[in-house]
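# A structural walkthrough
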Amino acid sequence: MGSYSYYPGCSQLSSAEEYGDSAVAVAQALGIRLEPLPDWSCCGASSAHMTNRLLSVALPARNLARARERGGDLVVVCAACYHNLRSAQIELLEDEEMASRLERVIGSDPRFRGRIVHLLDLIYEVVGLERLRERVVNPLRGLRPVSYYGCLMARPPEMMEGDNPDHPRRMDELLDALGAEVRPWSYKTDCCGGSLSLTRTDLVVGLVNRLFEAAEEAGADSLVTACPMCLANLEMRQREGKLTFGHEHDLPVFFFTELIGLALGMEEADSWLSKHLMDPRPLLWRNGVRTGGRRPA
Amino acid sequence: MIKATGSGLEREIEARCGERVRLCFQCGKCSTGCLFTPAMDLLPHQAMKLVQLGQEERLLSSRTIWICASCVTCTARCPNDIDVAGVIDALRQMALEKGVRPAERNVPLFHSCFLGNIRATGRISEPVLMGAYKALSGDLFSDIGLAVEMLRKGKIKLVPSLVRGRREIRRIFSESGGKGAVGKG
Ligand code: SF4
Ligand code: SF4
């Protein structure tokens, strides 16, 4: 189903390695070849746009110039990278002065006109629900997740292609196709506070635990995300809520790609899941979903 | 004095990010949707009013500009299409350029460490970033347990991944006028 340029993003080399690995493997299994941009660099995350306007365009621009050289579309898996690359692309195509200034600095043309697309949207559009359903050999029956988009996948609304910014549905539909019993809830696009996770941990613990409370109230047993910053923040700050909230939440959090891989029966799924700070495998085993790994006695 | 063309600050914000804060009619939707207001000293709609009034000092020394997590909810809700989050970015950038002492010291410090890491290696390496931030903020011991667990799970890579085109990255940083974040001003 084609080959695409791929922007991995820093987290996928370290704290969210399982996201990068599962994204590439699952895409491959579905007929989508992801080719990493040569010598890609950090998009600047929130730190660039919060402190320096030029940097917030220039850091993505270096990568967009590479995508332009390669041609075709650019696939991204991190919601924050997606947001930054898209914002910079719009800026570079609208502001000629900025574009030519950065062309000089970078030494190549950053005006990338291809499409920047999140892997979730690409799978939804190119593979489609029907074909995905046909490929499921290990249905996620009994799993009751809520889909969690977080803030940057869905906003600003102009960036939300083909899905509803206030009530996005594509992730729910994908999970449903995998056999999961997706629970409805109204916190899908609330922010988890990821950018303040280290600096104002106190605030972030409150926000994260509010999400887990809402998920439990909705009858969910897990959360699913398409953003490595959300996952890291949700896993790191969940337990700390014990002091403030009186009880400890322990809902596992998945990357949507891991669940697709699991449902497709991919052997590697167990190694992805084993990397989580909060091991999600016991929940799967309780529901009779095989992960390919050895169950503890 | 009220000027017909709006405050100088209003015009400066427009020049920086293209947003016309004078369109704000104080409906308060931005503040209603913001999850971070409990820690703010100015609500987002109040900040917009102060931009109209040209109250630069109060804005640049506020907690609000550093507490805002850039979740863009306010922007999505504004009936006048004001990119409120973009205006707050512009205020933070001004505060750093003018060397205003930040009310939330650790937030710009974190950004400075983050950008310093990109400048040095081209990509973020979590141990480098966390090490620098922990050392400079003096907050050495929180999250130690987490760091140990992350190392055990192989989530922290001790060898940073280096971008070959670091000269380009350095050119980008020097064009942007400094190290970024607190390095300036
Ligand atoms: S939502 Fe827009 S118009 Fe309403 S108070 Fe906020 S900035 Fe002003
Ligand atoms: S972008 Fe900032 S001000 Fe706007 S809703 Fe989010 S945290 Fe609040």
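For every chain, the first residue of the written sequence is number 1, and numbering continues from 1 onward in sequence order. Chain letters and ligand numbers both follow the written order, the letters beginning at A and the numbers at 1. A pLDDT threshold of at least 70 governs which residues receive local features in this predicted model, and a stricter bar of 80 or more applies before side-chain atom pairs are shown or counted, although totals over entire chains, interfaces and linings include all residues. With hydrogens and water excluded, all non-hydrogen atoms of the structure serve as input to the side-chain values.

## Some thoughts on the overall build of chain B
- In this text, helices come from DSSP runs of H or I with a minimum length of four residues, and strands from runs of E with a minimum of two, each type numbered from the N-terminal end. In terms of regular secondary structure, chain B is built from eleven helices and zero strands.
- Counting helices and strands in the order they occur from the N terminus, chain B gives α-α-α-α-α-α-α-α-α-α-α.
- Looking at chain B as a whole, 51% of its 185 residues qualify as buried.
- We get accessible surface area from the Shrake-Rupley algorithm with a probe of 1.4 Å; when it comes to residues, only the shown protein chains can shield them. Per element, the accessible surface of chain B, about 8800 Å² overall, is 54% carbon and sulfur.
- All tallies of charge rest on Lys and Arg as positive and Asp and Glu as negative; His and the ends of each chain are not included. For charged residues, the charge sits on one atom: NZ in Lys, CZ in Arg, CG in Asp, CD in Glu. If you average the places of the 28 positive and of the 18 negative side-chain charges in chain B, the two averages end up 5 Å apart. Residue burial is assigned from relative accessible area. The probe radius is 1.4 Å, only protein chains are included, and a residue is buried under 20% of its type maximum, exposed over 50%, and partly exposed in between.

## Side note on the pairing of strand E2 (residues 33–36) of chain A
- Relative to E2 of chain A, strand E1 (residues 3–7) of chain A runs parallel, the two sharing four bridges. Bridge pairing in E2 of chain A places Ser5 of chain A opposite Glu35 of chain A. By this definition, two strands are paired if DSSP reports at least two bridges between them.

## What about the sheet that holds strand E4 (residues 116–118) of chain A?
All names here are of chain A.
- Judged by pairing direction, the sheet is parallel, and its four strands sit side by side in the order E2-E1-E3-E4 without closing on themselves. Since the sheet does not close on itself, it has two edges, and those belong to E2 and E4, each with one partner. Strand-to-strand twist across the sheet, computed as the mean angle between neighbouring axes with direction ignored, equals 40°.
- Here three bridges tie E1 to strand E3 (residues 74–76), and the two strands are oriented parallel to one another. Bridging from a neighbouring strand, Tyr7 pairs with Val76 of E3. To define axes, lines are fitted to C-alpha atoms, for helices over the stretch in contact only, and angles between the resulting N-to-C directions are given on a 0 to 180 degree scale.

## Notes on the side chain of Thr199 of chain A
- Along the chain, Thr199 of chain A falls in the loop between helix H7 (170–177) and helix H8 (201–217).
- With relative accessibility at 12%, the residue Thr199 of chain A sits in the buried group.

## Some thoughts on the nonpolar core
- One finds Leu74, Leu119, Ile123 and Leu223 of chain A together with Ile13 of chain B to be the most contacted residues of the largest nonpolar core, which totals 157 residues.
- Looking at this core, the element that brings in the most residues is helix H7 (residues 84–97) of chain B, giving nine residues.
- The residues contacting Ile13 of chain B, other than those within four sequence positions of it, are Gly18, Glu19, Val21, Val51, Val87, Ala90, Leu91 and Met94 of chain B. Take the buried Ala, Val, Leu, Ile, Met, Phe, Trp, Tyr and Cys residues and link them wherever side-chain atoms come within 4.5 Å; each set so joined is a nonpolar core. Residues count as neighbours in contact if any of their non-hydrogen atoms are within 4.5 Å of one another.

## A few points about the domain arrangement of chain A
Residues and elements named next belong to chain A.
- Domain delimitation in this document rests on an assignment produced automatically or drawn from a domain database. Looking at the assigned domains, one finds that chain A contains domain 1 (3–118) and domain 2 (139–286).
- The C-alpha centroid of domain 2 is placed 24 Å from the C-alpha centroid of domain 1.
- The partner domain 2 presents 25 residues to the 25 residues of domain 1 that form the contact.
- Of the roughly 2100 Å² buried at the junction of domain 1 and domain 2 (both faces included), carbon and sulfur atoms supply 70%.
- Any Lys or Arg side-chain nitrogen located within 4 Å of an Asp or Glu carboxyl oxygen qualifies as a salt bridge. For the pair domain 1 and domain 2, the number of links is one salt bridge.
- Taking the shortest distance from any N to any O, the salt bridge between Glu17 and Lys275 comes out at 3.5 Å.
- In the analysis that follows, any N or O atom pair within 3.5 Å is treated as a polar contact, provided that within protein one partner can donate a hydrogen and the other can accept it, and provided that, for residues neighboring in sequence, both atoms belong to side chains. Counting the contacts that link domain 1 with domain 2 gives three residue pairs in polar contact (both at pLDDT 80 or more). Throughout, the accessible surface (probe 1.4 Å) given up by two parts as they are put together, summed over both, is called the buried area.

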